[in-house]
Amino acid sequence: MRKAFCLVVVAAIMAFNCGAAPTQDSPSLNWFKKTTEVIAFQLNKAAQTYQPGQNPRSVNPNGTVRTAGLTDWTTGFFPGSLWYGYELTGDKNLAEAAKKFTLALDSVRNITSTHDMGFMLYCSYGNAFRITGDKSYLPVLADGVKHLYNRFNPKVGVIKSWDFSWWHYPVIIDNMMNLEYLYWGAKEFKNPDYAVAANTHATTTMKNHYRKDYSSYHVVDYDPATGKVLRKATHQGLTDESAWARGQAWGLYGYTMCYENSKDPKFLAQAEHIAAFIMNHPRTPKDKIPVWDYDVHNALETEESAPRDASAAAVIASALLDLSKQVKNGEKYVDYAEQILKSLSSDAYLAKPGENSYFILKHSVGAFLYNSEIDTPLDYADYYYLEALKRYAEIKKINH
């Protein structure tokens, strides 16, 4: 666990200055420099504008901001963004704000009704502990990971996602993201059962969520008594059989992270197959920012009119950068991620300082089929964009 503060931008720029690498003033780094300036401004203004415990989630069609309360699955992303913003900029005001917004989530430790404890606590408290080494963050993390583990059913082999009465034992592909909390908890709290649950969930999901082309279903509903698959469906995508963009991103990120923690080669193979599905998809736009579902051309709208999902792109970029470090020849993953990050850092997606209700990115999609959060900023788009920028800077430092 790193205890020293990691000021990524400074380190990255120093690394770029080695040998024949571009200098800070080089045009090749202009986009990165501009982005970090926007990040510092937007996050500082957001921290001054919003109240801890009511974190900015998205922007409503009427221009008001939708906030995330303590039980909202996205509530950990804004504190996590502040922590990443501090790492990227070195701005101590962001560190102070991050601590304040993180500590406001203390009571989330008592929630037992969702699998989203990773999003809610690991992205906030987890980053807080990783960066500061302050052990006062650990009791909340200990409670949260215990509650996540308690949703694991060994007979079914997966962690239950929702408690909605109209499903039997639903598991969504998003759940792959929360396994990182279990892997970390297994090491930090010396409980190997957490890692066993994470490995088992990933293995079962790989078997039942994925099609032959390595695209993923969104929801698989199981019989809790036998583990039999009852239904494969969607709650977010265009159809049950379509490839919902953010779902493909969750899977890529999840299996990359699972391999990093378990070193099980089947997880690495799965991650590379998913990466190939995404990177080689014939309907991926030129700027590499996917529309909200890869199959929208089959029904509701054309690719040209379909809303883009910057949140999916940010998750993909972060995952590919992580994947690049797990394989021998990871340059293609870095290159693709860099294309995504440059697109997201362009005027088409990056907010101008003071605009966008102080969110960083524009043009994400929450739940299209429910007319919810369409073509709007999203807190998790910002979070994974910042994480991807941090990983990008670290990789460039390593390479130089």
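Counting from 1, residues in each chain are numbered in the order their sequence is written. A pLDDT threshold of at least 70 governs which residues receive local features in this predicted model, and a stricter bar of 80 or more applies before side-chain atom pairs are shown or counted, although totals over entire chains, interfaces and linings include all residues. Side-chain measures here rest on the full set of heavy atoms in the structure, leaving out hydrogens and waters.

**Things to note about the overall build of the protein chain**
Step number 1: Each helix is a run of DSSP H or I of at least 4 residues and each strand a run of E of at least 2, with the numbering of both proceeding from the N terminus. Looking only at helices and strands, the protein chain has 13 helices and nine strands in total.
Step number 2: For the radius of gyration, the atom set is restricted to C-alpha positions; the globular benchmark scales as 2.2 Å times the number of residues to the power 0.38. For a compact globule of 400 residues, the expected C-alpha radius of gyration is about 21 Å, and the protein chain comes in at 20 Å, within 12% of that figure.
Step number 3: In terms of overall dimensions, the protein chain has C-alpha extents of about 60 × 50 × 50 Å along its principal axes.
Step number 4: Each residue gets one of three labels from its accessible area relative to the maximum for its type: buried under 20%, exposed over 50%, partly exposed in between, using a 1.4 Å probe on protein chains only. Residues classed as buried in the protein chain amount to 61% of the 400 residues present.
Step number 5: Contact between two residues is taken to exist if any of their heavy atoms lie within 4.5 Å; hydrogens are not considered. Sequence separation of at least 24 residues holds for 66% of the intrachain contacts in the protein chain that already meet a minimum separation of 6.
Step number 6: All accessibility values rest on the Shrake-Rupley procedure with a 1.4 Å probe; residue burial counts only the protein chains present in the view. Summed over all atoms, the accessible surface of the protein chain reaches about 15700 Å², with 52% contributed by carbon and sulfur.
Step number 7: Residues scored as positive are Lys and Arg, those scored as negative are Asp and Glu, and His as well as the terminal groups of each chain are ignored. Just so you know, the charge point we use is NZ for Lys, CZ for Arg, CG for Asp and CD for Glu. Of the charged side chains in the protein chain, 42 are positive and 42 negative; the average position of the first set lies 4 Å away from that of the second.

**Regarding the sheet that holds strand 7 (residues 229-233)**
Step number 1: One open sheet holds the three strands; their spatial order is 5-6-7, and the pairing between them is antiparallel. Among the strands making up the open sheet, the edge pair consists of strand 5 (170-172) and strand 7. Neighbour to neighbour, the strand axes of the sheet diverge by 20° on average, direction disregarded.
Step number 2: What makes two strands pair is DSSP finding at least two bridges between them. In this sheet, strand 7 lies alongside strand 6 (residues 219-222) in antiparallel orientation, the contact comprising four bridges. Bridged to Val-220 within strand 7 is Lys-232.
Step number 3: Angular values range over 0 to 180 degrees, each being the angle between N-to-C directions of two axes fitted as lines to C-alpha atoms, with helices fitted over their stretch in contact. Sitting on the sheet, helix 8 (residues 192-208) is in contact with strand 5, strand 6 and strand 7, with an inclination near 105° to strand 6.

**Section: the environment of Asn-93**
Step number 1: Examined against the element boundaries, Asn-93 turns out to sit in helix 4 (residues 92-103).
Step number 2: Taking the C-alpha atoms as reference points, Asn-93 and Leu-43, 50 residues apart in sequence, are found 9.7 Å from one another.

**Considerations on the pairing of strand 8 (residues 364-367)**
Step number 1: Bridge count for strand 8 against strand 9 (residues 372-376) is three bridges, and the pairing is antiparallel. Bridge pairing in strand 9 places Val-365 opposite Ile-374.
Step number 2: In this antiparallel pair of consecutive strands, strand 8 and strand 9, the connection spans four residues, and Asn-371 shows a positive phi of 55°.

**Overview of the packing of aromatic side chains**
Step number 1: A pair of Phe, Tyr and Trp rings is counted when the ring centres sit within 6.5 Å of each other, with Trp represented by its six-membered ring. The angle between the planes then sorts it: under 30 degrees is stacked, over 60 is edge-to-face, the rest tilted. Within the structure shown, the criterion is met by 31 aromatic pairs.
Step number 2: By way of ring pairs, the aromatic residues Trp-73, Phe-77, Tyr-84, Phe-119, Trp-250, Tyr-253, Tyr-380, Tyr-383 and Tyr-384 are connected into one cluster.
Step number 3: A ring is considered to have a charge above it if a Lys NZ or an Arg CZ atom is located within 6 Å of its centre and within 35 degrees of its normal. The ring of Tyr-259 has Lys-263 lying over it, and the distance from NZ or CZ to the ring centre is 5.2 Å.
Step number 4: Over the ring of Phe-267 we find Lys-266, and its NZ or CZ is 4.8 Å from the ring centre.

**Overview of unusual backbone geometry**
Step number 1: Phi at Asn-371 takes a positive value of approximately 55°, unusual for a residue other than glycine.
Step number 2: Relative to the helices and strands, Asn-371 is located in the loop between strand 8 and strand 9.
Step number 3: Residue Asn-371 is classed as exposed on the basis of its relative accessible area of 66%.
Step number 4: At Asp-375, a residue that is not glycine, the phi angle is positive and equals roughly 55°.

**Here we look at the side chain of Asp-221**
Step number 1: Following the sequence through the fold, Asp-221 ends up in strand 6.
Step number 2: Salt bridge, as used here, is a side-chain nitrogen of Lys or Arg placed within 4 Å of a carboxyl oxygen of Asp or Glu. With no salt bridge to any partner, buried Asp-221 finds its closest opposite charge in Arg-231, at an N-O distance of 6.3 Å.
Step number 3: Excluding its chain neighbours within four sequence positions, the residues that come into contact with Asp-221 are Trp-167, His-168, Tyr-169, Pro-170, Lys-228, Val-229, Leu-230 and Arg-231.

**Here we look at the environment of Pro-282**
Step number 1: Along the polypeptide, Pro-282 turns up in the loop between helix 10 (265-279) and helix 11 (310-324).
Step number 2: With relative accessibility at 72%, the residue Pro-282 sits in the exposed group.
Step number 3: Spatially, the C-alpha atom of Pro-282 lies 9.3 Å from that of Tyr-294, the residues being twelve residues apart in sequence.

**A closer look at the nonpolar core**
Step number 1: Throughout this description, the term nonpolar core refers to a set of buried Ala, Val, Leu, Ile, Met, Phe, Trp, Tyr and Cys residues connected via side-chain atoms within 4.5 Å. Membership of the largest hydrophobic core comes to 121 residues, with the highest contact counts inside it found for Leu-179, Leu-320, Leu-344 and Tyr-384.
Step number 2: Ranked by size, the runner-up nonpolar core spans six residues in total, among them Val-158, Tyr-169, Val-171 and Val-220.

**Side note on helix 6 (residues 138-149)**
Step number 1: With twelve residues, helix 6 should reach 16 Å at 1.5 Å per residue; the first-to-last C-alpha distance of 16 Å fits that figure.
Step number 2: What helix 6 keeps buried is the set Leu-138, Val-140, Leu-141, Gly-144, Val-145, His-147 and Leu-148.
Step number 3: Each element contacted by the buried residues of helix 6 is listed here: helix 5 (117-132), strand 3 (152-153), strand 4 (158-159), helix 7 (179-188) and helix 8. Residue count minus one, scaled by 1.5 Å, sets the expected span of a helix.

**Side note on the pattern of salt bridges**
If charged atoms from side chains of opposite charge come close, those side chains can pair.
Step number 1: Evaluation of the coordinates by the stated rule reveals 16 salt bridges.
Step number 2: The salt bridge involving Arg-57 is made with Glu-373; its shortest N-O contact spans 2.8 Å. With Arg-57 in strand 1 (residues 55-59) and Glu-373 in strand 9, the pair connects residues that are 316 residues apart, well separated along the chain.
Step number 3: For Glu-373, a relative accessible area of 10% translates into the label buried.
Step number 4: Through salt bridges with shared partners, a single ionic network connects Arg-57, Arg-66, Asp-72 and Glu-373.

**Quick look at helix 5**
Step number 1: Under the 1.5 Å per step criterion, the end-to-end length of helix 5 is 21 Å for 16 residues, consistent within 8% with the ideal 22 Å.
Step number 2: With 15 of 16 residues buried, helix 5 is to be regarded as a mostly interior element.
Step number 3: Immediately downstream of helix 5, the backbone of Gly-133 shows phi near 70°, a positive value.

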